[in-house]
Structures are given as C-alpha cells and as structure tokens.
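# An overview of the molecular structure
Chain by chain, the residues run as shown.
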Amino acid sequence: MENNTTQRDAFSSRLGIIAAAAGSAIGLGNIWKFPYITGQYGGAAFIIIYLICIALIGMPVMLSEFALGRRAQKNAIGTFKKLAPNTPWFLTGWLGLVAAFVILAFYGVVAGWTMAYVWKSILNQFAGMDAETITNTFVGMITNPVQPIIWQVLFMALTAGIVLGGIKDGIEKYTKILMPLLLVIILILDIRAITLPGGGAGVSFLLAPDFSKLSALAVMQALGHAFFTLSLGMGTMITYGSYISQHENLGTTTMQVTIADTVIALMAGLAIFPAVFAFGIEPSAGPSLVFITLPNVFNQMAGGYFFSILFFFLLAVAALTSSVSILEVVVAYFDEELNMDRVKATIIAATSITIFGAILSLGNTDILGSIQLPFPVSDGIHDMNIFDWAVEFTDRLLPVGGFFIALFVGWGMNKEDFEDEVHHADHGKAAYMTFFWPIIRYLAPIAILIVFLNSVGVFNALGIKLG
Ligand code: TRP
C-alpha cells in the first residue's frame with residue numbers, strides 16, 4: 001500500500017490543474033448561491049466583505065490544503081495519517097469524508113433541478129406563464145417524489161462517468177473542455193444582461209456599496225460562503241493537491257484558482273442583477289432567485305428562450321465540474337485506504353451517495369416531509385425537513401473542517417516541512433509566508449470559531465444580538 005506512489009495518477013499539465021481546481025471551486029456556489037446571498041445581504045457592501053474573507057482566510061486555507069495533499073501524496077484521511085502518524089488528526093480527514101458524502105447528496109439533487117430546467121427551457125415550458133405559475137412549477141417539481149430523483153440519478157451518473165476515468169483521463173480531460181465552455185456561456189449572458197435597457201441599476205447594485213445594509217450576520221455569511229465557494233474545509237483541495245506536480249508553485253495555483261472563482265461569481269452577478277432590475281423584480285428572492293425569479297426575467301426578455309437554455313446549461317456544467325471533485329474525495333479514500341479498485345470505488349461511492357440524496361429529496365415531498373428535525377441556527381433552534389437539515393449541517397461542517405486544517409498546519413505540523421512543500425518548486429522563499437503564519441495560527445482559527453459559534457446560535461443564546 002505504501003509503495004504505490006510512483007504509479008499514482010496525477011494531473012498532466014498546468015492548465016489541467018487550473019481547470020480541475022477552478023472547476024471544483026466554480027459551481028452552484030458561484031452561480032446559484034452567491035447571487036442570492038448578495039441580493040439578500042445588500043449587494044456591493046456584502047461583496048467587499050466577501051472579498052476580504054476570500055483573501056484573508058480562504059486563500060491561506062487553500063494553500064494549506066494543497067500543500068498538505070502534495071506533501072503526503074494521499075487522500076484526505078491518508079494525508080493526516082501520513083503527516084501525523086498515531087495521532088487523532090486523521091479525524092479531520094474523516095470529518096471531510098462525512099461532509100463530502102452529505103454535500104454531494106444534496107448537491108446532486110439541486111444539480112438535478114438545473115438539468116430539469118434545461119429540459120423545461122428547451123421545451124419552452126415557461127413561455128406565457130405568469131409569476132404565480134412559475135412559482136408553482138418550481139415548487140411542484142421539487143415536491144414531486146419522482147421527477148427530481150430521475151434527474152439527480154442522471155446527474156450523478158455523469159459525475160461518476162467522469163470520475164471513473166481517473167485524474168488525467170477523466171477529471172482533467174473533461175474539465176479542460178467544460179471550463180472554457182462555461183466561460184464562453186457566462187460571457188454571452190453578461191453581454192446580454194448589461195446591454196438590457198435599465199440594466200444599469202443592477203450593475204450599481206453590485207458595484208456601489210451601501211454600508212448601512214451591512215450586519216454582523218452578513219459577515220458571518222460571507223466567511224461561511226468563502227469556504228463553500230472555494231471548496232475548502234473537507235479535503236477536496238487536499239485530494240486535488242495530491243495530484244499536483246512537484247514543479248508547480250502552489251502559491252500561484254492558489255492565486256489563480258481564487259481569482260477564477262471570484263471573477264466567475266462576479267460575472268454571475270453581472271448576468272443576473274441587471275436583468276432582474278431591468279424588469280423591475282426584487283433582487284432579494286433568496287434560494288429561489290435562479291429557479292423562480294429568472295424564468296420570469298427570461299419570459300420578458302428578447303431572446304429569452306435561447307438565454308434561458310444557456311443559463312441553466314451553464315449552471316449544470318458548473319455543478320458537474322464541482323461534483324466530480326466532491327466524489328473524488330470519497331473515491332480516493334476507498335481506493336487508497338480500503339484498497340478498492342477505482343471502478344468499484346466509484347460505483348460504490350456514487351451509488352450510496354445517490355441513494356442518500358434521493359432520500360433527502362423525498363424530504364421535500366409528502367413522503368418524508370413529515371420528518372422534521374431540530375437544527376440550531378443563529379437565532380435559535382428550528383425544525384426543518386431532512387433536505388434543509390443536510391444543507392445546514394454541511395454549512396457548519398466546512399468551517400469546522402477548516403478550523404482543524406488551520407490548527408494542524410499552524411500548530412500540529414512541522415513548520416519547516418510545510419514551508420519546504422510550498423517552496424521546493426519555487427525560487428526562494430515566498431514573501432507571503434510572513435503573513436501566512438500569523439493568519440493560519442491565529443486569525444483563521446479565531447475568525448472561523450466565531451462564525452461557527454454564531455451559526456449554531458451560541459451568541460443568540462447568550463443574548464448577544466448580531467442584527
Ligand atoms: N465550490 C463548489 C461550489 O461553489 C462546491 C464544492 C465543490 C464544494 N467541492 C466542495 C464545497 C468542497 C465545499 C467543499 O459550488
């Protein structure tokens with residue numbers, strides 16, 4: 001088991017690394033979640049906080065994950081076992097594996113909705129519908145016991161198909177095609193949105209900050225989302241880091257992936273808000289922004305038929321390159337730690353996650369909707385169905401994972417080893433290391449801890465109000 005490092009599959013090119021890692025980062029988080037939380041938390045002011053979180057906490061944690069994975073040449077759990085043998089640190093990897101399982105379960109369901117919407121758009125089903133009928137179509141779809149599961153199974157089959165091919169001939173090969181395609185589509189949508197008469201209000205919403213709208217809660221959201229959008233806190237970037245060549249400069253890779261992710265999130269905002277404002281619709285719809293608000297927008301837009309297909313196709317592509325990275329976390333573990341061959345590992349992982357996701361999907365329907373579980377959120381304990389429960393649960397797990405990854409690098413691991421990993425491909429010592437250490441040792445764990453405590457309602461219980 002220990003002597004397989006020489007044949008270990010890996011990315012074959014720099015472009016492949018960027019396509020795969022940016023493909024992981026760029027997903028539903030950028031095109032579905034980022035626009036709606038930006039809408040809810042007030043636009044540009046929220047974006048500024050988000051950018052600070054990305055640069056200050058997100059990038060150091062991403063660099064840490066890449067370096068850990070490349071150092072160990074192992075999956076998320078194997079990495080901790082190898083770098084800190086006979087210590088409980090491997091539990092951090094376990095946390096990631098559990099998170100991967102649950103995230104992919106619900107992610108596959110939401111990605112399935114987007115595929116259903118590609119299909120509905122092709123059939124021109126939204127044409128002529130009023131706002132209420134569009135809402136009912138969405139609610140009707142997700143509360144249907146069969147339809148979302150069929151699409152979810154299809155989506156998960158595509159995900160598994162790519163992961164089956166391995167790193168070079170699977171993930172790298174497909175992300176190198178899909179990511180440029182994604183860029184072209186989003187550019188087309190941006191041009192359409194920005195040139196809409198009245199779209200300027202949407203552009204200012206994204207670019208002109210109104211700090212009176214900012215709240216401590218918005219800061220919490222921003223940091224939480226930084227983890228989700230950069231695929232951090234659950235070993236995805238550890239796993240991908242283990243496939244990055246020794247010649248790559250990990251600081252540069254981190255920078256490129258982060259910039260790509262941020263630019264695409266902003267481009268998604270630019271594709272959505274000008275259109276939303278141009279047709280006089282409220283930007284703060286929440287999770288239903290792309291599934292309910294946008295079909296209304298497309299209905300009124302010249303060429304809406306075409307742009308609607310394009311938009312939901314974009315969403316499905318973005319979701320696919322992310323879901324392969326989540327599945328790879330589980331497959332790499334099965335493959336290396338449980339000695340399964342890749343085909344068997346992929347089939348077992350994808351099947352069990354799909355079944356779990358289908359059960360979560362039934363939580364939105366009459367069949368399992370009556371199961372309401374309590375979950376602690378920032379303003380108290382709420383009952384929710386199992387689908388929402390899983391979404392909230394993973395939102396909490398990522399910061400916990402990030403917390404332990406930061407602690408491990410900052411305090412648990414040999415500092416020289418870490419610096420050697422970051423520097424050995426580089427020419428000399430990276431200047432950013434001066435900032436990196438205080439961030440990874442103090443700032444990141446403390447900031448993450450505060451966000452986590454708030455997210456499970458600790459401040460609320462203590463009577464501290466974060467308006
Ligand atoms: N980053 C992806 C998105 O924005 C989702 C994702 C992929 C992810 N891998 C992850 C989220 C690992 C958290 C952890 O949609």
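None of these values were measured; they are calculated from a predicted model.

The rules behind each value
Residues numbered from 1 in each chain as written. Predicted model: local features only at pLDDT ≥ 70, side-chain atom pairs only at ≥ 80, totals over all residues. Heavy atoms only, no water. pLDDT = per-residue confidence, 0-100. Contact = heavy atoms within 4.5 Å. Salt bridge = Lys/Arg side-chain N within 4 Å of Asp/Glu carboxyl O. Helix = DSSP H or I, 4+ residues; strand = E, 2+ residues; numbered from the N terminus. Buried < 20%, exposed > 50% of the residue type's maximum accessible area, 1.4 Å probe, protein only. Near = heavy atom within 4 Å. Polar contact = N/O pair within 3.5 Å; in protein donor to acceptor, adjacent residues only side chain to side chain. 1 Å grid on protein atoms, 1.4 Å probe; cavity = no way out; pocket = protein on both sides within 12 Å on 5 of 7 lines; lining within 4 Å. Sits in = over half its atoms within 2 Å of the grid points. Points joined across faces, edges and corners; volume = space filled by probe spheres on them. Nonpolar A, V, L, I, M, F, W, Y, C, P; charged D, E, K, R; others polar.

The predicted coordinates ought not to be read in detail in places where the model reports low pLDDT. Overall, the predicted model of the protein reaches an average pLDDT of 94, with 98% of residues at or above 70. Taken together, the stretch residues 1-5 has pLDDT below 50 and engages in seven contacts with residues farther than four places along the chain or on a different chain.

Looking now at the pattern of salt bridges. By the definition in use, this model includes 13 salt bridges. A salt bridge links Arg-8 to Glu-336; its shortest N-O distance comes to 2.8 Å. With Arg-8 in the segment before helix H1 (14-25) and Glu-336 in helix H14 (residues 304-337), this residue pair connects regions lying 328 residues apart in the sequence. When its relative accessible area of 15% is taken as the criterion, Arg-8 is described as buried.

On to the site of the ligand. Around the ligand lies a shell of 18 residues, among which Ala-25, Gly-29, Tyr-107, Phe-228 and Ser-231 are the nearest. A distance of 2.8 Å separates an oxygen atom of the ligand from a polar backbone atom of Gly-29. Taking Ser-231, its side chain carries an N or O atom lying 2.9 Å from a nitrogen atom of the ligand. For the ligand, the cavity whose grid points lie within 2 Å of the majority of its atoms is the largest cavity.

To continue, consider empty space enclosed by the protein. By rolling a water-sized probe across the atoms, one finds the places where empty space is left. Enumeration according to the criterion identifies three cavities of 30 Å³ or more in this entry. Of the voids in this model, the largest cavity is the one considered here, and its volume is about 150 Å³. The wall of the largest cavity is formed by 18 residues, among which Ser-24, Tyr-107, Phe-228, Ser-231 and Ile-326 lie closest to the centre. Looking at the lining of the largest cavity, the elements that each hand over two or more residues are H1, helix H2 (28-40), helix H5 (90-122), helix H10 (216-229) and H14. When grouped by side-chain class, the residues that make up the lining of the largest cavity number nine nonpolar, nine polar and no charged. Taken as a whole, the second largest cavity spans an internal volume of roughly 80 Å³. What lines the second largest cavity is simply Leu-189, Arg-192, Ala-193, Ala-271, Ile-272, Ala-275, Leu-294, Val-297, Phe-298, Met-301 and Phe-311. Only helix H8 (167-194), helix H12 (250-278) and helix H13 (289-300) provide two or more residues apiece to the lining of the second largest cavity. Taken together, the residues of the lining of the second largest cavity sort by class into ten nonpolar, no polar and one charged.

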